[in-house]
Amino acid sequence: MEKILQIDPQFTESAFKTYVDNIFIQIHTAIMTKELEKIKHFVNLEVYQSLETKLNDLNKQGLIQMYDELNVKETHLLTSEITENEMLIKVKIISRYMDYLIDESGKFVSGVNDHRVEKENYLTFSKKIQAKGQSINRKCPGCGASIDVNANGVCSYCNTTYNLNDKDWILVSISTS
């Protein structure tokens, strides 16, 4: 983390962990509610397309993925790496939730819906080196209004998506073991 602090002196491990936990929860919520557009600004195109494929497969089968009582138990920063253009941080999240499928009428189909299971999730985040000086107060690229990227990254005035790809940490890979 020392090299990241040299490039980005405003980086703090605690704030980054909170950011990661928030994104993790928002992704799972977006899958349950079938509203992936709400997390598009937090992830790269490859992750978004993977999540979109998962959601499309569920929709074709008439199923809804549920993650009830979802919480992040622990978040660990595993490794960090600096390349010519970006900083990378690999993270392990230990999460707990009920993981099951329901049909469109709400009827249980499969999975675990009577107790939470614990899972290890591995995420990699990337931030472009030139993005280090971005302000916490984000402005809409469409109309200039203040925008809350933690809400959904979409301007409430003009519906422009605030893309974090060139401005902040974005999720570039996610897997569960």
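Above this note sits the structure.
Structure report, in brief. Within any chain, residue numbers begin from 1 and follow the written order of that chain's sequence. Two thresholds apply to this predicted model, a pLDDT of at least 70 for residue-level local features and 80 or more for giving and counting side-chain atom pairs, whereas whole-chain, interface and lining totals are computed over all residues. Values shown for side chains rest on all heavy atoms present in the structure; no hydrogens or waters enter the calculation.

1. Observations concerning the pattern of salt bridges
Working step 1: Take a side-chain nitrogen of Lys or Arg and a carboxyl oxygen of Asp or Glu: if they are within 4 Å of each other, that pair is a salt bridge. Scanning all chains against the criterion turns up seven salt bridges.
Working step 2: Note that Glu118 and Lys73 form a salt bridge whose closest N and O atoms lie 3.0 Å from each other. Of this pair, Glu118 sits in strand S4 (residues 117–128) while Lys73 is found in strand S1 (residues 63–82), placing the two residues 45 residues apart along the sequence.
Working step 3: Throughout this description, buried means an accessible area under 20% of the type-specific maximum (1.4 Å probe, protein chains only), exposed means over 50%, and partly exposed covers the range between. Among the residues examined, Glu118 registers a relative accessible area of 47% and is labelled partly exposed. Helix and strand assignments come from DSSP, with helices taken as H or I runs of at least 4 residues and strands as E runs of at least 2, each series counted from the N terminus.

2. Observations concerning the layout of surface pockets
Working step 1: Here a cavity is any set of points on a 1 Å grid over the protein atoms alone where a 1.4 Å probe fits but cannot get out, and a pocket is any open set with protein on both sides within 12 Å along at least 5 of 7 lines; a residue lines the site when it has an atom within 4 Å of a point. Grid points are joined across faces, edges and corners, and a volume is the space filled by probe spheres set on the points. In this model, the second largest pocket occupies a volume close to 240 Å³.
Working step 2: Contributing to the lining of the second largest pocket are 15 residues, with Leu51, Lys54, Tyr67, Ile174 and Thr176 lying nearest its centre.
Working step 3: Those elements giving two or more residues to the lining of the second largest pocket turn out to be helix H2 (13–33), helix H3 (45–60), strand S2 (86–103), S4 and strand S7 (170–176).
Working step 4: Broken down by element, the residue count for the lining of the second largest pocket peaks at four residues, all from H2.

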